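Descriptive structure summary
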Amino acid sequence: FASMFRRDDNDAFAEVIIQDLATDGVLDAGTHKINSHHAGSYRGCRIRLFGARVCKPVLGRQTANRSDLLVARISLPKGVAGAISIDTDKRRILEGQSFQVDHDQFHHIFGVSCTDRMAAKSLLTSQMAESLLLVQQRITNPLDKASLNNVRVAMRVADGTLVLLV
């Protein structure tokens, strides 16, 4: 990690990503604080990793709901046509065509929509499905004492970037 990434003090860039995610409906609007921000590259892809805490006010309560986020934004080496939305919170899937990945367990956990089926087919291989399932299962493993309940894993691919949110 240390050889690929360095601390990045440009938290304004991370804040723009958070605002874009809220505008797109991936995240609820609220105040946010960037806790850590790292940048680097791997095989020609620019990568930004950051952690944030989002506070969403709740009507009728003095305290807000808090969520800790981990966001990875990767600039892809080649553009992807259209947009692809993958989410464990199926209510937050962007509008588009439903898309099925050839993996039995994947669709029990994730919802998928896309605006370009060919682009989705080229990106969402069974290996990609397996990788996303592994991320989700490692975090929410009920046998792990440090397991977190109600963890959400979402991925958006559009405009030459991939954003992974946990």
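Since the structure is predicted, the reported quantities are computational estimates derived from the model, not experimental observations. Counting from 1, residues in each chain are numbered in the order their sequence is written. Reporting in this predicted model follows two pLDDT cut-offs: at least 70 for local features of residues, and 80 or more for side-chain atom pairs to be given and counted; totals over whole chains, interfaces and linings ignore these cut-offs and use all residues. The side-chain values count all of the structure's non-hydrogen atoms but skip hydrogen atoms and water molecules.

1. Quick word on unusual backbone geometry
Stated precisely, the cut-off is as follows: Burial here depends on accessible area, computed with a 1.4 Å probe over protein chains only, as a share of the maximum for the residue type. Under 20% is buried, over 50% is exposed, and the range in between is partly exposed. In this description a helix means any DSSP run of H or I spanning at least four residues, a strand means any run of E spanning at least two, and both kinds are numbered starting from the N terminus.
In this structure, R43 takes a positive phi of about 50° despite not being glycine. The class for R43 is exposed, based on a relative accessible area of 73%. The backbone phi angle of D159 is positive, close to 50°, even though this residue is not glycine. Within the fold, D159 resides in the loop between strand 8 (154-158) and strand 9 (161-165). Taking relative accessible area as the criterion, D159 reaches 76% and is therefore assigned exposed.

2. Quick word on the environment of S36
We count it as follows: The contact criterion used is simple: two residues touch if any of their non-hydrogen atoms lie within 4.5 Å.
As for its position among the elements, S36 is in strand 2 (residues 31-42). On the basis of relative accessible area, S36 is assigned to the partly exposed category, the value being 27%. Once the C-alpha coordinates of S36 and D8 are considered, the two residues, 28 residues apart in sequence, prove to be 8.3 Å apart. Once you skip the residues sitting within four places of it in the chain, S36 turns out to touch R7, L49, F50 and G51.

3. Some words on the pairing of strand 9
Threshold: Only strands joined by at least two bridges in the DSSP assignment are considered to pair.
Judged by how many residues are buried, strand 9 sits mostly within the fold: four of five residues are covered. Note: strand 4 (residues 65-75) against strand 9, five bridges, orientation antiparallel. Paired with V71 across the two strands is L165, which belongs to strand 9. Note that strand 8 and strand 9 share five bridges and pair antiparallel. Residue pairing for strand 9: A154 is matched across the bridge by L165.

4. A word on the sheet that holds strand 3 (residues 45-56)
Heads up, the rule is: Comment: axis = line fitted to C-alpha atoms, over the contacting stretch for helices; angle = value between 0 and 180 degrees taken between N-to-C directions.
One open sheet holds the nine strands; their spatial order is 1-2-3-4-9-8-5-7-6, and the pairing between them is antiparallel. With one partner strand each, in any of the chains shown, strand 1 (5-7) and strand 6 (97-98) form the two edges of the open sheet. Two elements, strand 3 and strand 4, share ten bridges in a ladder whose sense is antiparallel. Bridging across to strand 4, F50 finds its partner in V71. Lying over the sheet, helix 1 (residues 11-23) contacts strand 2, strand 3, strand 4 and strand 9, oriented at roughly 110° with respect to strand 2.

5. Brief notes about the environment of R117
This is how it is decided: Each polar contact in these results corresponds to two N or O atoms within 3.5 Å; when the atoms are within protein, one needs to be able to donate a hydrogen and the other to accept it, and residues that are neighboring in sequence are counted only if both atoms are side-chain atoms.
Along the chain, R117 falls in helix 3 (residues 117-123). A relative accessible area of 38% means that R117 is categorised as partly exposed. In this structure, the C-alpha to C-alpha distance between R117 and Q97, residues 20 residues apart in sequence, is 7.7 Å. Residue contacts for R117: discarding those within four places in its chain leaves Q97, S98 and F99. Here the side chain of R117 touches S98 through a polar contact of 2.6 Å, landing on its backbone oxygen.

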